[in-house]
Structure formats: C-alpha cells, structure tokens
Amino acid sequence: MRSRDVGLLGLGALCAVALLVGAGGCQPEGNSSLSTGPGGPGGTTGAGGSGAGASAGGDQGEAGAATTGSAGGGGGGTEDPPARVVTIEEITTEVVPRDTVVELKGVVAMSRKFFLDDTNSGDCLWGVFLSSPGLEETAANSGILAVSRSKATTDGNGEPVCPSLESASAGDPFPDDVAPGDVLDVVGETTYFSSSSCRDACGDLTCDSASEPPENASNCRQDCGTSPELIPQSAIGQFQIEWIKSAMRTGRVDVPEPHVLTADEVVKLSSPTETPFYHKWGGVKVRLEGSLSPVLRTNTMGEETVVGSYGNIHVENGTEGGLVQVGNKVYYIGGAQSACHQGPVYSDVNVTFNRVDGFIYKNFCIWSLQLTNKCTDIDPPSDDCVEDNLVCP
C-alpha cells in the first residue's frame with residue numbers, strides 16, 4: 001500500500017486567537033495549505049494521484065446505469081490488488097486489516113458530499129457518510145466516512161483552488177448530487193485516521209470565570225490539548241474508507257432513523273478517552289435528545305451568543321457537566337449564496353434544544369456531532385429556516 005501522511009481534519013482549531021462570532025457567517029474549522037474557493041478551507045498532507053469513478057442516477061428502487069466519473073481516487077505507481085468485498089462492520093471491527101482495497105456493496109449514503117480538506121500535493125478531499133444496508137435504525141459499527149479525492153484547479157494567479165460544490169463539480173468519483181438514501185457500490189481502501197497532533201493528556205481545570213472555584217464543574221473544563229473551544233482533544237482515531245476508485249449509484253431507499261443515545265452513551269460522547277465507544281459509533285448518525293442547554297459564548301461586541309467560532313454550538317449533555325460540540329461541517333460552504341449552506345443563526349440566547357441529529361465525527365481533534373441540515377437535524381431549527389420558510393435538501 002502507499003506510504004502517506006493523510007489528514008482529514010481541518011487545522012483551523014489551532015487558531016486559538018480566532019474571534020468568537022454570533023451567527024451565520026462562521027466558517028468551518030480549517031486553515032488551508034491551498035487557496036480554496038467558496039468550497040471552504042482545509043489543511044492536510046497526502047499523496048496525490050488519479051483514478052476513475054462511476055456514477056449514475058436512479059429513481060427510487062431502480063438501478064442506474066454506470067457512467068464514467070471524474071478523475072480522483074488513489075495514486076501511486078503500482079496497480080492495486082483486486083477489491084475484497086466486505087461490510088462496514090468488518091472494517092470498523094478490524095476483521096478487515098487497515099490498508100486493504102475493498103468494495104462496499106449496496107451501502108446507503110447518509111449525507112450529501114461535502115468538502116473535507118485539501119493536501120499539500122494539490123488534492124481536494126471530499127466526504128460522504130455511509131451506512132450499512134437494510135437498517136431501520138442506525139447501530140454500532142454501521143457507519144463510516146468515505147473520503148474521495150480530486151485535483152485542485154488553478155486561479156488567475158496560478159494558485160491551486162478547490163471548487164465550491166454550490167457552483168462547480170468536485171471532479172471526484174462520487175456523484176456531485178449524491179444524497180441521503182442513495183444506494184452505492186463503493187471501491188476504496190480501508191484507513192484509520194489518527195493525528196499525532198491530537199493529545200488527550202489532561203491537566204488542570206480551566207474555569208469560565210476566575211471567581212469560580214474549580215470544584216464547580218458546570219463552569220470549569222479540563223484543559224486537554226490546545227483547543228480554543230474548551231472541549232477536550234482526543235487522540236482516538238476514526239475508521240474510514242479512502243482513496244475511492246469508484247462510486248456507482250444503483251438505487252434509492254429510505255435512510256435509517258438515528259439511534260437515540262442512552263444516558264451512558266451520552267456521557268461517553270463527551271469523553272476524550274472512550275476508545276471502544278468511538279470505534280463503534282464513529283461515522284454513525286445518532287440522536288441526542290432531552291432538554292439541551294447551549295453554553296453561551298461572547299462575540300467581538302461583548303454580546304452573549306449561542307453560535308460560537310466556526311459555526312459551532314456547544315450543548316450541555318446532562319448532569320455530568322460535559323459538553324457536546326454541534327457543528328456545520330457537512331452543510332456549510334464558504335461564501336455560499338444559499339442560506340442552506342450558511343452557518344446557523346439563533347438570536348434567542350435562552351433557547352433550549354430538544355433534539356440534535358448528527359454524525360459522530362472527529363473534527364480536527366474534537367469528537368463532535370455534525371448536522372447534515374440546520375433546518376431538520378436540530379429542534380428548534382436555525383432562525384432563518386423559520387423566518388424565511390427555508391427548505392434545505
């Protein structure tokens with residue numbers, strides 16, 4: 001297999017001096033090594049290459065004919081061995097070794113295609129969350145992030161640019177219009193992303209106010225790593241299928257309902273050290289429900305806000321004092337014209353959330369819940385969904 005140093009999680013969380021902002025203009029985490037277009041920022045390294053993908057449409061229950069897709073996928077000078085047909089569960093339980101060329105047959109797309117990052121070698125990375133077929137409800141080891149590649153283009157100054165999915169084709173093997181419910185046959189390579197820059201050795205408690213005693217756990221957070229979000233970093237990695245060679249759409253089905261996290265699972269979601277939990281549930285869409293209070297931040301004008309830096313919302317996950325970060329990585333597109341691809345807006349600082357549906361995903365060094373839709377995956381929805389009668393796909 002190829003030798004490479006691949007990172008999929010944006011480096012923007014390292015920008016500890018980032019100013020907290022209050023609403024929809026927030027950007028997702030990332031600090032690009034390339035100049036990116038409206039598709040968003042990034043910043044990773046990896047080996048480049050090219051490949052061919054196949055994709056085609058198909059009405060509900062009907063198979064679509066295969067067509068040759070755009071350049072993308074793996075690289076290197078040697079030919080990969082034939083793909084081994086496996087299941088998502090076999091990858092996430094390591095029945096299938098890492099760095100194995102595999103085919104996932106009949107898996108279900110759970111998200112749109114979204115911009116993940118770029119690489120020093122000039123690749124643009126794109127993500128699609130996949131689920132095991134035949135499920136009515138998501139389950140442990142049933143989800144995985146698929147990562148495809150395309151080559152960046154150049155702007156008028158000769159600088160490499162990743163396209164915006166709002167206005168241009170990504171050029172990778174996945175269909176640009178891939179949507180939740182699409183049934184896919186996907187060929188790629190099993191990987192496990194774990195960044196050496198993420199650490200979970202925790203130190204002293206950091207309090208929101210200097211007057212608060214450390215024993216007041218609701219106002220203090222353990223200092224783990226260098227996250228400006230005051231949520232512990234984690235050294236635990238996530239399973240993926242990467243270097244996508246082809247993604248053929250063969251039909252459509254209803255997506256499974258998200259698994260409702262138990263009280264014990266909610267506690268583990270806030271911990272940076274629960275390896276078995278993240279290996280089971282990483283890449284799976286789940287539901288956090290109950291009376292969820294946002295942790296308010298302060299913007300540059302000294303105002304308390306629900307939405308903080310990079311469009312993230314932090315909610316208290318119960319009596320344990322832990323936090324869950326709710327992000328917009330999947331639906332956000334930098335510079336987007338459509339409000340559906342802009343950050344969330346909440347003007348009422350007293351809002352209480354009843355439900356959050358999102359993918360358990362490691363964004364930079366923080367395990368988080370990533371929404372696919374700010375109008376339907378969170379209750380109450382973003383203000384502009386209600387005020388503008390916004391309907392987002």
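Higher on the page you've got the structure.
Let me sum up the structure you'll find in this document. (Residues numbered from 1 in each chain as written. Predicted model: local features only at pLDDT ≥ 70, side-chain atom pairs only at ≥ 80, totals over all residues. Heavy atoms only, no water.)

1. As for unusual backbone geometry
Glycine aside, residues mostly have negative phi, and peptide bonds are mostly found in the trans state. With an omega of 0°, the peptide bond between D379 and P380 qualifies as cis. Looking at the element boundaries, P380 is found in the loop between β22 (378–379) and α4 (383–387). We note that D99 has phi near 65°; this positive angle belongs to a residue other than glycine. Take D99: it is sitting in the loop between α1 (88–92) and β4 (101–109). (Helix = DSSP H or I, 4+ residues; strand = E, 2+ residues; numbered from the N terminus.)

2. Structural notes on the pattern of salt bridges
Counting across every chain of the model gives 17 salt bridges. The partner of D176 in a salt bridge is K113, and the shortest N-O contact between them spans 2.8 Å. Here K113 lies in the loop between β4 and β5 (114–118) and D176 lies in the loop between β9 (160–161) and β10 (182–193), a separation of 63 residues in the sequence. Relative accessible area serves as the criterion here: at 2%, K113 is assigned to the buried category. Measuring nitrogen to oxygen at the nearest pair gives 2.8 Å for the salt bridge that ties D384 to K374. (Salt bridge = Lys/Arg side-chain N within 4 Å of Asp/Glu carboxyl O. Buried < 20%, exposed > 50% of the residue type's maximum accessible area, 1.4 Å probe, protein only.)

3. A look at the state of the cysteines
Counted according to the given criterion, the structure contains 4 disulfides. The disulfide partner of C198 is C365, and the gap between their sulfur atoms is 2.0 Å. Measuring the twist about the S-S bond at about -80°, one finds the C198-C365 disulfide to be left-handed. Placement of the pair is C198 in the loop between β10 and β11 (202–207) and C365 in the loop between β20 (353–363) and β21 (366–370), with a sequence separation of 167 residues. (Disulfide = S-S within 2.5 Å.)

4. Here we look at the nonpolar core
Counting residues in each nonpolar core, the largest one holds 27 residues, and the members touching the most others are L288, I313, F353 and I360. Listing elements by their share of this core, those giving two or more residues are α2 (263–269), α3 (275–281), β15 (285–292), β18 (313–316), β19 (323–327), β20 and β21. With residues up to four places along the chain from it excluded, the contact list for L288 reads L261, V266, V315, V324, N354, R355, V356 and L369. Membership of the second largest hydrophobic core comes to 20 residues, among which are V86, V102, V186 and A247. (Core = buried A, V, L, I, M, F, W, Y, C linked by side-chain atoms within 4.5 Å. Contact = heavy atoms within 4.5 Å.)

5. Focus on the pairing of strand β13 (residues 238–252)
Most of β13 is tucked away, with 11 of its 15 residues classed as buried. Relative to β13, strand β7 (residues 143–151) is paired through 2 bridges, and the arrangement is parallel. Pairing of L145 across the sheet is with Q240, part of β13. As paired elements, β10 and β13 share 11 bridges and run antiparallel to each other. Residue pairing across strands places D182 opposite R252, the latter belonging to β13. (Pairing = 2+ DSSP bridges.)

6. Examining the environment of D123
By the secondary structure assignment, D123 is in strand β6 (residues 123–131). Assessed through its relative accessible area of 1%, D123 is described here as buried. Placed 28 residues apart in sequence, D123 and K151 show a C-alpha to C-alpha distance of 4.6 Å. A polar contact is formed between the side chain of D123 and the side chain of K151, at a distance of 2.9 Å. (Polar contact = N/O pair within 3.5 Å; in protein donor to acceptor, adjacent residues only side chain to side chain.)

7. What to know about the side chain of R249
For R249, the position within the fold is in strand β13. Within the structure, R249 has its side chain in polar contact with the side chain of D177 (distance 3.0 Å). Looking at R249, its side chain comes within polar contact range of the side chain of D182, at 3.0 Å.

8. As for the packing of aromatic side chains
Tallied over the full model, the rule gives 8 aromatic pairs. Seen in terms of ring centroids, F277 and Y278 are 5.2 Å apart; in terms of plane orientation they differ by 80°. Their pairing is edge-to-face. We note that F277, like Y278, is buried. Ring centres of Y278 and W367 lie 4.3 Å apart, and the angle between their planes is 15°; on these two criteria the pair is classed as stacked. A residue pair is termed long-range when its members are at least 10 positions apart, and Y278 in helix α3 and W367 in strand β21 qualify at 89 residues. Each member of the pair, Y278 together with W367, is buried. Chaining the aromatic ring pairs together yields one cluster made of F114, F129, F359 and Y361. Directly above the ring of W243 sits R149, whose terminal nitrogen or CZ lies 4.1 Å from the centroid. (Phe/Tyr/Trp six-rings, centres within 6.5 Å; stacked < 30°, edge-to-face > 60°. Lys NZ or Arg CZ within 6 Å of the ring centre and 35° of its normal.)

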